[in-house]
Amino acid sequence: MMKTNNDIVLVVDDSADALSLINDTLEAANMDVLVALEGKQALTIAKRIRPDIILLDAIMPTMDGFETCRALKADASLASIPVIFMTGLSDTDDIVRGLEVGGVDYLTKPIKPSELLARMKVHLNNARLTSSAQLALDSTGQHLMTVSDDGNIMWATPQTYALLAKARASTQWQHKVLTQQLKQWLDHQPEIDSRLPLSGLDYPLSVKIVSAEQGQERLLKLEDGRRPTGPHLLRQELELTERESEVLHWLANGKTNREIAQILDMSPRTVNKHLEQIFPKLSVENRTAAAGIALKILANA
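Residues numbered from 1 in each chain as written. Predicted model: local features only at pLDDT ≥ 70, side-chain atom pairs only at ≥ 80, totals over all residues. Heavy atoms only, no water.

1. Brief notes about the overall build of the chain
Part 1 of the argument: Secondary structure summary: the chain contains 12 helices and 10 strands in total.
Part 2 of the argument: For the chain, whose C-alpha radius of gyration is 25 Å, the value lies well above the compact-globule estimate of 19 Å for 301 residues.
Part 3 of the argument: Across the 301 residues in the chain, those meeting the buried criterion constitute 44%.
Part 4 of the argument: Counting only contacts in the chain whose residues sit at least 6 apart along the sequence, the fraction spanning at least 24 positions is 54%.
Part 5 of the argument: Total accessible area computed for the chain in this model is approximately 16,300 Å², and 50% of it derives from carbon and sulfur atoms. (Helix = DSSP H or I, 4+ residues; strand = E, 2+ residues; numbered from the N terminus. Rg over C-alpha atoms; globule rule 2.2 N^0.38 Å. Buried < 20%, exposed > 50% of the residue type's maximum accessible area, 1.4 Å probe, protein only. Contact = heavy atoms within 4.5 Å. Areas by Shrake-Rupley, 256 points an atom, 1.4 Å probe, with all protein chains shown as cover.)

2. Comments concerning the sheet that holds strand β9 (residues 205-211)
Hydrogen bonding along the main chain pairs the strands of a sheet, whether they run parallel or antiparallel.
Part 1 of the argument: Judged by pairing direction, the sheet is antiparallel, and its 5 strands sit side by side in the order β7-β6-β10-β9-β8 without closing on themselves. Strands at the two margins of the open sheet, each flanked by one partner only, are β7 (153-156) and β8 (195-197). For this sheet the average axis-to-axis angle between neighbouring strands, irrespective of direction, equals 30°.
Part 2 of the argument: Where strand β6 (residues 144-147) meets β7, 3 bridges bridge the pair, whose relative direction is antiparallel. Across the sheet, residue M145 finds its bridge partner in β7, namely A156.
Part 3 of the argument: Strands β6, β7, β8, β9 and β10 (218-224) of the sheet are contacted by helix α7 (residues 171-187), whose axis makes an angle of about 140° with β8. (Pairing = 2+ DSSP bridges. Axes fitted to C-alpha atoms, helices over the stretch in contact; angles between N-to-C directions.)

3. Focus on the packing of helix α10 (residues 257-264) against helix α11 (residues 268-282)
Part 1 of the argument: Put simply, α10 and α11 touch, their axes get as near as 8 Å, and they point 105° apart. In terms of axis orientation, α10 runs roughly perpendicular to α11. Touching N257, R258, I260 and A261 of α10 are P268, V271, N272 and L275, all from α11.
Part 2 of the argument: Residues of the contact of α10 with α11, tallied by class, amount to 5 nonpolar, 2 polar and 1 charged. (Parallel < 35°, antiparallel > 145°, perpendicular 65-115°, else oblique. Nonpolar A, V, L, I, M, F, W, Y, C, P; charged D, E, K, R; others polar.)

The quantities given are spatial measurements derived from coordinates; they are silent on function.
Pasting the structure below:
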C-alpha cells in the first residue's frame, strides 16, 4: 500500500497521449497517479494498491472499460471506489451503459483539465462521506449490507461476513445462490421491514430490508435464525427473569406502565415492582437509562 496523504488516482487508458495529459494534470494537483494500459492490469493494481478514485477509458482492447468496471464492482473490497468513465463516444447508449455497470460519472474526450479536477473533487468528497458512514456502521456491530438490484453485495460490515462464515455460506454460494435469491426477491419490490428466509444453508439465516430508496442500493440486515430476539435476548444478555425481560422489552418500545400491565396481564403496581428490580441489575436509576440499554442490545440483534 502506498504511504501518502495525497489522493491516489488510477488512470486506465491505452492512449499514451491521453495518459500524459491526465498524469500532468493530476500531479500538478498534488495527486499520486497510477497507470494501467488495459483492464486486467487495472484490476491487479487496484487490488494491490487500493486507489481513491479510478479514471477509466471505455474503449480498450481485450478487456474494455465496461467489463473492467463490472469486475471492480463485483469485488467487495473495491466496489466502493468511484469510477469516472472517459470516452470519445457521443452515443447516449454508451454513456448510459457506463453508468449502469457502476460508473458515477463520465467525461468526453478530449479531456479538459479543469473539468476533470472539478468532477473528481465532487466524487472524492462523496466517497469520503460514504466511507465515514460505513466506518460508523462497522463500529456498531450490526449485520448490515448494501445490495444492488441484481442481488450482488456491494458492501457489508465485518459482522455480516462473520455471520455468513458462521453459517458456512461459501463465497461460491454467495455469488451464485444468494445473489439469485436476492435478485428474485428484490424484483418484486418488497416493502421496508420485509423478510426473506435464505435457502440452501444448514444454518437458518434471513435478510430484512432496512431502506430502499429508488435508484439506490438496498440496505439489508442479515439475521441469525438461532439468535434470541426481543425479551429472550434481553433475558440472556442482562440476566433478567422472564417477566423482567418482558417488562423491559415493552418499556424499550415506549409503553407506559399502564400499557405494559395491559399487554402482560398484570397490574401497573406489579410492573413498577419489576422495574424496581431491573434498575439495580442494570446499574441505572430511571426508565430512560434502562430503555437505552435495552434498545442498544435489541438494535444489534
